[in-house]
Amino acid sequence: MQVTEVEYIVQWAEDNRSYEQKYKEQMCFHMCELFGVSHINCGLMETYSVEHTAQKLKELCGRAGSLVIGVEPMPYSGIPNVKRAWEIVKASECENAKIILDSWHWLRANQLIDLCVLEGIPADKIVSVQINDVYERAYAENVLRDESMHDRLAPGTGCGDTAAFCRMLKEKGVQPRAFGVEVISDSILARGVEEAARFNFENTKKCWKVPGRRF
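Residues numbered from 1 in each chain as written. Predicted model: local features only at pLDDT ≥ 70, side-chain atom pairs only at ≥ 80, totals over all residues. Heavy atoms only, no water.

The name an unreviewed UniProt entry gives the chain is Xylose isomerase-like TIM barrel domain-containing protein, with Mediterraneibacter gnavus as the organism.

Right, here's the structure in full:
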């Protein structure tokens, strides 16, 4: 099994970072070297100004060296949507600062599946893509993260139109270094690892058979 992505660096925008977070960051760098991975998934729960966050991202990118830092926007985080993520990545002025897109986060941020949302963002600034699906009704805002961590759906089995999400990225010209299925679901996992893997795999195949080149 090939490792294609390493995660998860957090709290990187704090002025006084804890020893634990510094150690975790170094572990991520080491894992990339060990497994031959070229990018790291990073999130930020805390909310800071674009200027402050961009500066801290620049510092993180400097520490990362040749590794790409992929910023993942999440609706319940300090980087809630793609627009905010691009403002920060652009302001950092770092070649190795890029964006990770997840269809669950995309939809729960109430973003249209439309190229206009990605307007102005170079296709090569999207380093990784994760797909899944959503229920028609979201959890309440104050517990939205619980839905993300326990109640996602397999691609194409909800109301999120995962296939359209994939087509949008193809039309944009996105060629991610990693294209993954991230179905975090207690109910699907309860079927057993083998059945959960089969179920997610079979449904994913239906979604990414878009006309022309696949990812």
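Draft legend 1. Examining the sheet that holds strand β4 (residues 97-102) more closely. With respect to topology, 6 strands assemble into an open sheet ordered β1-β2-β3-β4-β5-β6, the strand pairing being parallel. Looking at the sheet topology across the chains shown, the edges are occupied by β1 (6-9) and β6 (178-181). Strand after strand, the sheet turns through a mean of 30° between neighbouring axes, direction not considered. Two elements, strand β2 (residues 39-42) and strand β3 (residues 68-71), share 4 bridges in a ladder whose sense is parallel. Bridge pairing links H39 to V68 in β3. Across the sheet, helix α1 (residues 19-35) lies against β1 and β2, angled at about 165° from β1, the strand it touches most. (Pairing = 2+ DSSP bridges. Helix = DSSP H or I, 4+ residues; strand = E, 2+ residues; numbered from the N terminus. Axes fitted to C-alpha atoms, helices over the stretch in contact; angles between N-to-C directions. Contact = heavy atoms within 4.5 Å.)

Draft legend 2. Main features of the UniProt feature "domain: Xylose isomerase-like TIM barrel" (unreviewed entry) in the chain. Feature annotation in UniProt assigns "domain: Xylose isomerase-like TIM barrel" (unreviewed entry) to the following positions: residues 12-199. As annotated, residues 12-199 has a helix share of 41% and a strand share of 13%, and its two end C-alpha atoms lie 36 Å apart. (UniProt positions renumbered as here; feature names shortened; annotations may be inferred.)

Draft legend 3. Up close: helix α6 (residues 162-172). Taken as a whole, α6 has its buried residues at T162, A163, A164, F165, C166, M168 and L169. Of the surrounding secondary structure, the elements contacted by the buried residues of α6 are β4, α4 (103-108), β5 (126-131), β6 and α8 (193-207). (Buried < 20%, exposed > 50% of the residue type's maximum accessible area, 1.4 Å probe, protein only.)

Draft legend 4. Quick look at the environment of R84. Note that R84 resides in helix α3 (residues 82-92). In sequence terms R84 and V50 are 34 residues apart; their C-alpha atoms lie 7.9 Å from each other. Residues within four places of R84 in sequence aside, it is in contact with Y48, S49, V50, G78 and I79.

Draft legend 5. Spotlight on the pattern of salt bridges. The full count for this structure, using the stated rule, is 9 salt bridges. With its nearest N and O atoms 3.2 Å apart, the salt bridge here joins K56 to D15. Here K56 is found in helix α2 (residues 50-64), whereas its partner D15 is found in the loop between β1 and α1, with 41 residues between them in sequence. By sharing partners, the salt bridges in this structure join D15, K56 and E59 into a single network. (Salt bridge = Lys/Arg side-chain N within 4 Å of Asp/Glu carboxyl O.)

Draft legend 6. Structural context of the packing of α2 against α3. Running from N to C, α2 and α3 cross one another at 55°; their axes reach a closest spacing of 8 Å. Looking at the two axes, α2 sits oblique to α3. For α2 against α3, the interelement crossing comes out right-handed. The segment α2 lies against α3, with V50, T53, A54, L57 and K58 engaging R84, E87, I88, V89, A91 and S92. Residue composition of the contact of α2 with α3, grouped by class: 6 nonpolar, 2 polar and 3 charged. (Parallel < 35°, antiparallel > 145°, perpendicular 65-115°, else oblique. Left-handed = near helix turned anticlockwise from the far one by under 90°. Nonpolar A, V, L, I, M, F, W, Y, C, P; charged D, E, K, R; others polar.)

Draft legend 7. Just the packing of aromatic side chains, in detail. Within the structure shown, the criterion is met by 2 aromatic pairs. With a centroid separation of 6.2 Å and 20° between ring planes, the pair formed by Y19 and Y23 is classed as stacked. Separated by 4 residues within a single helix, Y19 and Y23 lie in helix α1, roughly one turn from each other. Exposure remark for Y19: the relative accessible area of 62% places this residue in the exposed category. With a centroid separation of 5.6 Å and an interplanar angle of 75°, the aromatic rings of W106 and F165 are classed as edge-to-face. Remark: F165 occurs in helix α6 and W106 occurs in helix α4; sequence separation between them is 59 residues. Side by side, W106 and F165 carry an identical accessibility label, which is buried. A cation over an aromatic ring shows up here: R191 above the ring of F199, its NZ or CZ 4.3 Å from the ring centre. (Phe/Tyr/Trp six-rings, centres within 6.5 Å; stacked < 30°, edge-to-face > 60°. Lys NZ or Arg CZ within 6 Å of the ring centre and 35° of its normal.)

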